[in-house]
Amino acid sequence: MTEKPSLDSSEDRAWLGEGQSETQLTAGPDGAETNDGDRPAWDSKIQYVLAQVGFSVGLGNVWRFPYLCHQNGGGAFMLLYVFLLLIVGVPLFFMELAAGQSIRQGSIGVWKHISPKLAGIGYSSCMVCFYVALYYNVIIAWSLFYMGNSFQYPLPWEQCPIDITTNDTVKECASSSPTSYFWFRKALNITNSIQESGEFNPIMTGCLLAAWTIVSLAMIKGIKSSAKVMYFSSVFPYVVLFIFLIRGLMLDGAIEGITYMFYPKLEIWGNVQVWRQAATQVFFALGLGYGSVIAYSSYNPVHNNCHRDALMVSCINFMTSVLASLVVFVVLGFRAKNIALRCVAENLGLLSSMTSHGSNQHWWPWFNMTDPSSVSIAEYREWYSHYSSMAGSNITDCSLEEEMNKGVEGTGLAFIAFTEVMALFPASPFWSTLFFLMLLNLGLSTMFGTMQGILTPLMDNFSLLGRHRTILTVSSCALGFLIGLLFTQRSGNYFVTMFDDYSATLPLIIVVIFETISVAWVYGTDRFLDDIEVMLNWRPPVVYKYLWKYVCLFAMVGLLAASLLRMVFKRPTYTAWNQSTASEMTLEYPGWALAMIVMLIVFASLPVPIVYIHSTLKYRRVLSTRSEEGGNQEMHRELYTKCSSTEQLDSNSHHRVPCEEDEARPRTTFLPIGNEHYRLLPQREEEDEEQDTGV
């Protein structure tokens, strides 16, 4: 046991040593490992790794990272991302893994161990997890809808439908594209703005119910049931990505897509917004602040090598992002080349019609206009660069670069761009089913982790909920479905965008800032490293001390400031679909929607100050009561003994039921509760000896 200088009284220890450990994190009196007998555990290390990878690798790796990489300098952005991952992402990820594994509690219990005043961090994490679960399951519902529509040939989004009243192509589809029309009109039946709510979409409501049912059934037995699903949901997306990569490399335009993807533009390193986007992507890619990382690691053996896990999961996450980027851009390269070649064919058709009317100009193309397939994009562009002014305004340029620069992200990538490409593949229903099954599994594995970030802290801190795990799980999913009906109305997609952009970003950054302050400054990095040394049987490099205390903290504060400034100076907007023009347009949120955004952020951040103030007031009330008693030592001894007795142990758990003084006074040890109970007994014997000898 590491010896610490003792303070004169319990009051002094509480205030001067708040959050300072007097004992080691994981060891009991004899260095024995803490064991919560009734706490579930992973059946194997592979189960745990798959769960952490499945949670951290989500839809953002497939449709957000490639877009950011392409829009912000390709290879240069990737280097910046790796740099921030190493100095910010990995240290914070390691910190959460170590804290959860050592204390074997969810996010609320972990920070409550440092000080009861910090328990609000865990409650904020639970709130954000609930926000994310609400809209994330809607995306899973969309994937279910598209997967169900993939079992038909031809695919329903391959061609525009015919208006039976006019016997002509539907105008909205003709003015856009078959895939855009199917997404906005058939799937979402979307309104023109967020202010037009519209009625509920019955098909999407049914898909959302199915999605929540899947999540509920998979998690009804805790990690024992969800871990078995993880074997498929975490591994299957990699199989599909590799299949798509091999198939995509055979497509015409794949090499062009990869070239545009990785071409480095080093000048972007001078752009502050690029740094902000890279840091935000690192932050969300690893799932920091949700509490899910802590929850999963709390089911590990205490001596598990969590440092190796942090490096391994971070590396797998990054390599998955690179793999997904390759897949996305070989497919988008193929799509862009098809669009450019179609443009060449249309322009050559116009030129041919001009020739048939007897025109004979010296600027006519020298290539064969009767066979557009024999004309390359480079040949056409070379001719266009010389004679575009003479050809007239109806003859346009056909640029592959321009098509690639039309960055596609999020739902637009998955449900419009990718569906358009898969419609061009032979056996298109097979590829479509495979793709949306992959999205479904990516979403579910992340959803399991998100729900674990809600359920584990609640069950750890409220024994009644812990004894009724099944009821809690089903009730949480039912509540999520009922609130999720907000997203199944015709304007629901706009609310998904709102939640995705604003409900989690700022609260999570605030949560991680307080987590870092708790470990680095309240508890102390040296003590934390001491405790990790006991846990791992070797001491992590001292560089972590400075990364936690300064680099990570300043990086997160800078990210918070940049995000706040962007919200203040750039009024929040969303992209809406205009049915009459069959095009997207950017609109500003109305006043009530801005108020809703502010409320989402405030409600998620509020538990931190509320719990801090409540705990401070409660502690002062206890101090005041004890000072009125005149500092009666015998009273203090009885109170101390009562809090340490076996009568305080819950009959259904190894956890000690906290007495009033414990709840009011900040905890002075990072030791798990079970060990704390046994450490108090020698202290009582010493006090007895002192009293007997008259000292």
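This structure is a prediction, so every number in the text was calculated from the model and none was measured. (Residues numbered from 1 in each chain as written. Predicted model: local features only at pLDDT ≥ 70, side-chain atom pairs only at ≥ 80, totals over all residues. Heavy atoms only, no water.)

This paragraph deals with the packing of aromatic side chains. By the definition in use, this model includes 47 aromatic pairs. A centroid spacing of 5.9 Å and a plane angle of 85 degrees characterise the contact between Phe-55 and Tyr-290, whose relative ring orientation is edge-to-face. Of this pair, Phe-55 sits in helix H2 (residues 45-56) while Tyr-290 sits in the loop between helix H14 (272-285) and helix H15 (292-297), placing them 235 residues apart in sequence. For the pair Phe-55 and Tyr-290, one class covers both residues: buried. Against the face of Phe-425 rests Arg-247, its NZ or CZ located 4.9 Å from the ring centre. Just above the ring of Trp-521 sits the side chain of Lys-549; from NZ or CZ to the centre is 4.4 Å. (Phe/Tyr/Trp six-rings, centres within 6.5 Å; stacked < 30°, edge-to-face > 60°. Helix = DSSP H or I, 4+ residues; strand = E, 2+ residues; numbered from the N terminus. Buried < 20%, exposed > 50% of the residue type's maximum accessible area, 1.4 Å probe, protein only. Lys NZ or Arg CZ within 6 Å of the ring centre and 35° of its normal.)

Turning our attention to the state of the cysteines. Here, disulfide denotes a covalent bond that connects the sulfur atoms of two cysteines. Per the counting criterion, the structure on display carries one disulfide. A sulfur-sulfur separation of 1.9 Å characterises the disulfide bridge that pairs Cys-160 with Cys-173. Classification of the bridge connecting Cys-160 and Cys-173 rests on its S-S torsion, roughly -85 degrees, and on that basis the disulfide is left-handed. Placement of Cys-160 in the loop between helix H7 (120-149) and strand S1 (162-163) and of Cys-173 in helix H8 (residues 171-174) is noted, with a sequence separation of 13 residues between them. Assessed through its relative accessible area of 23%, Cys-160 is described here as partly exposed. Assessed through its relative accessible area of 2%, Cys-173 is described here as buried. (Disulfide = S-S within 2.5 Å.)

Further remarks concern the pairing of strand S4 (residues 583-588). Note that strand S3 (residues 573-578) and S4 share six bridges and pair antiparallel. Residue pairing in the sheet places Asn-578 in a bridge with Ser-583 of S4. (Pairing = 2+ DSSP bridges.)

Turning our attention to the side chain of Asn-304. Positionally, Asn-304 belongs in the loop between H15 and helix H16 (306-356). Residue class for Asn-304 comes out buried when judged on its relative accessible area of 11%. When neighbours within four sequence positions are excluded, Asn-304 is seen to be in contact with Lys-45, Tyr-48, Gln-101, Asp-309 and Leu-536. (Contact = heavy atoms within 4.5 Å.)

Another point: the environment of Glu-403. Relative to the helices and strands, Glu-403 is located in helix H18 (residues 400-405). For Glu-403 and Lys-337, which are 66 residues apart along the polypeptide, the C-alpha to C-alpha distance reads 8.1 Å. Once residues within four sequence positions are removed from consideration, Glu-403 is found in contact with Ala-336 and Ile-339.

End to end, helix H26 (residues 591-605) covers 21 Å across 15 residues, agreeing with the expected 21 Å (1.5 Å per residue, within 8%). Considering only its buried residues, H26 is in contact with H7, helix H23 (492-503), helix H24 (505-536), helix H25 (543-569) and helix H27 (607-628). (Expected span 1.5 Å × (residues − 1).)

Another point: the packing of H7 against helix H20 (residues 428-461). Where H7 meets H20, the axes come as close as 9 Å, and the angle between the chain directions of the two elements is 160 degrees. What the angle tells us is that H7 and H20 run roughly antiparallel. Two packed elements cross with a definite hand, and for H7 against H20 that hand is left-handed. Its residues assigned to classes, the contact of H7 with H20 comprises 19 nonpolar, seven polar and no charged. (Axes fitted to C-alpha atoms, helices over the stretch in contact; angles between N-to-C directions. Parallel < 35°, antiparallel > 145°, perpendicular 65-115°, else oblique. Left-handed = near helix turned anticlockwise from the far one by under 90°. Nonpolar A, V, L, I, M, F, W, Y, C, P; charged D, E, K, R; others polar.)

On to a nonpolar patch on the surface, then. Side chains of Trp-521, Val-542, Tyr-546, Tyr-550, Val-551 and Phe-554 sit close together on the surface and give an oily, nonpolar patch of about 610 Å² of accessible area. A per-element tally of the nonpolar patch places H25 first, with four residues. Among the structural elements, Val-551 can be located in helix H25. Accessibility expressed as a relative area gives 33% for Val-551, which makes it partly exposed. (Patch = residues over 30% accessible without salt bridge, like charges linked within 9 Å, V, L, I, M, F, W, Y side chains within 5 Å. Areas by Shrake-Rupley, 256 points an atom, 1.4 Å probe, with all protein chains shown as cover. Salt bridge = Lys/Arg side-chain N within 4 Å of Asp/Glu carboxyl O.)

Right, let's talk about the confidence of the model for the chain for a bit. Here the chain averages 79 in pLDDT, while 79% of its residues score no lower than 70. Ranking the elements of the chain by mean pLDDT puts helix H1 (residues 10-16) last with 35 and H7 first with 94. Here residues 1-35 scores under 50 on pLDDT; set against residues more than four positions off or in separate chains, the count is 90 contacts. Note that residues 634-695 has pLDDT below 50 and, in this model, 121 contacts with residues that lie over four places away or in other chains. (pLDDT = per-residue confidence, 0-100.)

This paragraph deals with the pattern of salt bridges. Enumeration according to the criterion identifies nine salt bridges in this entry. When the shortest N-O distance is used, the salt bridge between Lys-337 and Glu-256 registers 3.2 Å. Of this pair, Lys-337 sits in helix H16 while Glu-256 sits in helix H13 (residues 254-262), and the two are 81 residues apart along the sequence. By relative accessible area, Lys-337 is classed as buried at 16%. Residue class for Glu-256 comes out partly exposed when judged on its relative accessible area of 27%. Across the pair Arg-335 and Glu-420 runs a salt bridge, and its minimum N-O distance is 3.4 Å. With Arg-335 in helix H16 and Glu-420 in helix H19 (residues 410-422), this pair connects stretches of sequence that are 85 residues apart. Across the pair, Glu-420 and Arg-335 agree in class, each one buried. The network of salt bridges with common partners includes Asp-252, Glu-256 and Lys-337.

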